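This is what each chain is made of:
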Amino acid sequence: MLRRLALRDFVIVKALDVELDAGFTVLTGETGAGKSILVDALQLALGSRGDAGVVREGAARAEITAEFDVPAGLAAWLEEAGFATGDDGRLLLRRTIDAQGKSRAWVNGSAATVAQLREAADHLVDIHGQHAWQSLTRPPAVRGLLDAYAGVDTAPLAAAWSRWKAAADALARAQTKQADLSRERERLAWQVGEVDKLAPAAGEWEDLNAEHQRLSNAQSLIDAAQGALDAVNDGEQNAESLTGRALDALQAVAEYDPRLAAVVDVLHGAQAQLQDAAHTLSSYLHHTELEPERLQQVDERMSAWMSLARRYRRPPAELAVLLAEWKAELAALDAAADLDALEREAAAAKAAFDTQARSVSAARRQAAPKLASAVTQAMQQLGMAGGRFEVSLVKQDAPQSFGLESAELLVAGHAGSTPRPMAKVASGGELSRIALAIAVTTSQLANDEQAAGTLIFDEIDAGVGGAVAETVGRLMKQLGRDRQVMAVTHLPQVAACADHHFVVAKLARDGSTVSEIHAASGEARVGEIARMLGGERLSGTSLAHAQEMLAVGAEMAGTARARKRP
């Protein structure tokens, strides 16, 4: 449920903060006062497209904040997205748009994307505009309406369609390019065979270079190591014996001057390191020998390696990576050239799509007459007695991503007439009433956990009056028993049925036009209903009529409460 809506510098609204309650709420006011601005602002907070045009003239940015109760169906999404909710169980959506058109969004104080606002909106608010009927003449919207009513998730169907199309396209490409694929495969197979004879391993080129350098300089390495060993511990003047003589000389007198103790320690360390070096050099000489045969093998492998690298114009170090790439391409070509496997894959994908499509079709066939019956019943209350509503399922010539059939809405405006496409047979007023009947029907029968907690009707009652207007108000009030309902309306009959009433007014202030909103109750509400009945000049008759209408609305509320008591 929407608890609070706050606007700052939005269009002609400088600052506005509205606290909202459960039940049925109406927004009224003169034409052009800015009633629908509130709905537009809420849609922006819920992720609709916005630009710099929504920023009030002279302001740096527009800001919209909407506070909701967290619905059960949204809690898991909020947790997964990292938008923690407070102990009060509230959800805070905030969006700003600056004078350059740059938009920013937050969910519970954390930065969010506009796409995430739209995801949340599906669980929060369902808005029906005054031109809602227009979408009902478009097949995708009709299909979406029927699928939502049937509780059908078409995502698996669309995914199965994509997989089938991808498999079918791969098969068609393979069949068309079979000769080209065969030549390409032959070329790649030969290249892979040539390089595979060498079997280069990752990192091997660097190892070969290091080994070749060691083997080709083996005699120099042995001579150098032997010379170093001789200098360390061979003969009377080697480094180890000289270090020992230095130690002998100092140790005899070190006790007379503590400053020599550090030098003695250094010489001890040097002596130990020289002994380690002699041991290491001796071991190196013991295990190192000339290996002419191994040097020849390394020479030959490096020569073959360089030859292949030059042939395929690649650095030698990349030869192993090149072989892996060619093998992957060859495997892909083998798969693409395997027509039998591709045909099996396409057939399996088609079968999976058919299974999904049949399941969706069955759900649509089951839901269509139920939806038609419910809307037909609602039409009888909206001045279309004897009218009939049908949902026609039209089989497609070929399967589509949405299934095996499209949907069309048919209407008969009065008894005895044959239902025909809605846009061709209904007047503007009838179209608005049918749209309202559909909205009421789908709202009443929606899955409670998945349905939006707030319904907004933005002048959907346009073209309606008299007794039908009273019925519209009563239907909206009935909806408000279980869900929060808000309506922007020009009809006093609808406004009189509301549990809460807000009046929007346009004022001139400091040389600019601003829009303000305030709650109407008592005499102020009577005056607003009277204005809606008879214009700005209130008369005793219009005031009395307004009081009577409000009394009837209050009586309806009392009856509704009595019915809800156990």
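Placed above this text is the structure.
The paragraphs below set out a description of the structure included in this document. (Residues numbered from 1 in each chain as written. Predicted model: local features only at pLDDT ≥ 70, side-chain atom pairs only at ≥ 80, totals over all residues. Heavy atoms only, no water.)

Observations regarding the nonpolar core
Note on soluble globular proteins: their nonpolar side chains tend to be buried together.
Then, in step 1: Core analysis: the largest hydrophobic core is formed by 54 residues, its most contacted members being F24, F389, F457 and M476.
Then, in step 2: Sort the elements by how many residues they give to this core and helix 16 (residues 428–444) lands first, with eight residues.
Then, in step 3: Once residues within four sequence positions are removed from consideration, M476 is found in contact with F24, L436, F457, I460, V485, A487 and V494.
Then, in step 4: In this structure, L7, V18, L27 and A120 belong to the second largest nonpolar core, which totals 46 residues. (Core = buried A, V, L, I, M, F, W, Y, C linked by side-chain atoms within 4.5 Å. Buried < 20%, exposed > 50% of the residue type's maximum accessible area, 1.4 Å probe, protein only. Helix = DSSP H or I, 4+ residues; strand = E, 2+ residues; numbered from the N terminus. Contact = heavy atoms within 4.5 Å.)

Quick look at the pattern of salt bridges
Then, in step 1: Under the criterion given, the structure shown has 21 salt bridges.
Then, in step 2: The salt bridge partner of D69 is R3, with a shortest N-O separation of 3.0 Å. Linking D69 in strand 4 (residues 61–69) with R3 in strand 1 (residues 2–10), this pair joins segments that are 66 residues apart in sequence.
Then, in step 3: Look at R3 and you get partly exposed, because its relative accessible area is 24%. (Salt bridge = Lys/Arg side-chain N within 4 Å of Asp/Glu carboxyl O.)

Some points on helix 10 (residues 239–251)
Then, in step 1: When the terminal C-alpha atoms of helix 10 are compared, their 18 Å separation across 13 residues agrees well with the 18 Å that a helix rising 1.5 Å per residue should span.
Then, in step 2: Along helix 10, the residues classified as buried are T243, G244 and L247. What you see down the axis of helix 10 is that its buried residues fit within an arc of 100°, all on one side. With respect to the buried face of helix 10, the exposed residues turned more than 90 degrees away are R245 and D248. (Expected span 1.5 Å × (residues − 1). Arc of directions from axis to C-beta.)

A closer look at the environment of V552
Then, in step 1: Mapped onto the fold, V552 is located in helix 20 (residues 540–564).
Then, in step 2: When the C-alpha atoms of V552 and Q381 are compared, they prove to be 18 Å apart, with 171 residues separating the residues in sequence.

Section: the packing of helix 10 against helix 11 (residues 259–287)
Then, in step 1: Contact geometry for helix 10 and helix 11: axes closest at 10 Å, N-to-C directions at 160°. On the basis of the axis angle, helix 10 is roughly antiparallel to helix 11. In this structure, the crossing between helix 10 and helix 11 has a hand that is left-handed. Here A239, E240, T243, G244, A246, L247, L250 and Q251 of helix 10 come into contact with helix 11, specifically with L260, V263, V264, L267, H268, Q271, L274 and Q275.
Then, in step 2: Residues belonging to the contact of helix 10 with helix 11 are distributed by class as follows: nine nonpolar, six polar and one charged. (Axes fitted to C-alpha atoms, helices over the stretch in contact; angles between N-to-C directions. Parallel < 35°, antiparallel > 145°, perpendicular 65-115°, else oblique. Left-handed = near helix turned anticlockwise from the far one by under 90°. Nonpolar A, V, L, I, M, F, W, Y, C, P; charged D, E, K, R; others polar.)

A look at the side chain of R525
Then, in step 1: Mapped onto the secondary structure, R525 falls in helix 19 (residues 522–534).
Then, in step 2: This buried residue, R525, is left without a salt bridge; D499 holds the nearest opposite charge, at 7.4 Å.
Then, in step 3: Excluding residues that lie within four positions of it along the chain, R525 makes contacts with A495, A496, A498, H501, A520 and L550. (Lys, Arg positive; Asp, Glu negative; His and termini not counted.)

Observations concerning the sheet that holds strand 10 (residues 403–412)
Then, in step 1: Strand order in this open sheet of three strands is 9-10-11, and the pairing throughout is antiparallel. Bordering the open sheet on either side are strand 9 (388–400) and strand 11 (420–421), each of which pairs with just one other strand.
Then, in step 2: For strand 9 and strand 10, the ladder comprises nine bridges, and the chain directions are antiparallel. Residue pairing for strand 10: R388 is matched across the bridge by A412. (Pairing = 2+ DSSP bridges.)

Details of the packing of aromatic side chains
The geometry of an aromatic ring pair is captured by the separation of the ring centres together with the interplanar angle, meaning the angle of the planes.
Then, in step 1: Within this structure, the stated rule accounts for six aromatic pairs.
Then, in step 2: Here the aromatic rings of W164 and F353 are separated by 5.3 Å at their centres, their planes lie at 25°, and the arrangement is stacked. Of this pair, W164 sits in helix 6 (residues 155–176) while F353 sits in helix 14 (residues 339–380), and the two are 189 residues apart along the sequence.
Then, in step 3: According to the relative accessible area criterion, W164 is buried, its value standing at 16%.
Then, in step 4: Look at F353 and you get buried, because its relative accessible area is 0%.
Then, in step 5: Counting every residue linked through ring pairs, the aromatic cluster contains W161, W164 and F353.
Then, in step 6: Its guanidinium or amino end placed over the ring of W106, R94 lies 4.2 Å from that ring's centre, counting from NZ or CZ. (Phe/Tyr/Trp six-rings, centres within 6.5 Å; stacked < 30°, edge-to-face > 60°. Lys NZ or Arg CZ within 6 Å of the ring centre and 35° of its normal.)

Some words on the sheet that holds strand 5 (residues 90–98)
Then, in step 1: A sheet is described by the order of its strands in space; here six strands give the open sequence 2-1-4-5-6-7, paired in antiparallel fashion. Because the sheet does not close on itself, it has two edges, and the strands there are strand 2 (13–19) and strand 7 (110–112). Taking the axes of each pair of neighbouring strands and ignoring which way they run, one obtains an average angle of 15° across the sheet.
Then, in step 2: As defined by bridge partners, strand 6 (residues 103–107) adjoins strand 7 across three bridges and the pair is classed as antiparallel. Along strand 7, the bridge assignment pairs W106 with A111.
Then, in step 3: Its contacts with the sheet put helix 1 (residues 35–45) on strand 1, strand 2, strand 4 and strand 5, and the angle it makes with strand 1 is roughly 100°.
Then, in step 4: Sheet strands in contact with helix 3 (residues 114–124) are strand 4, strand 5, strand 6 and strand 7, and its direction is about 135° off that of strand 5.

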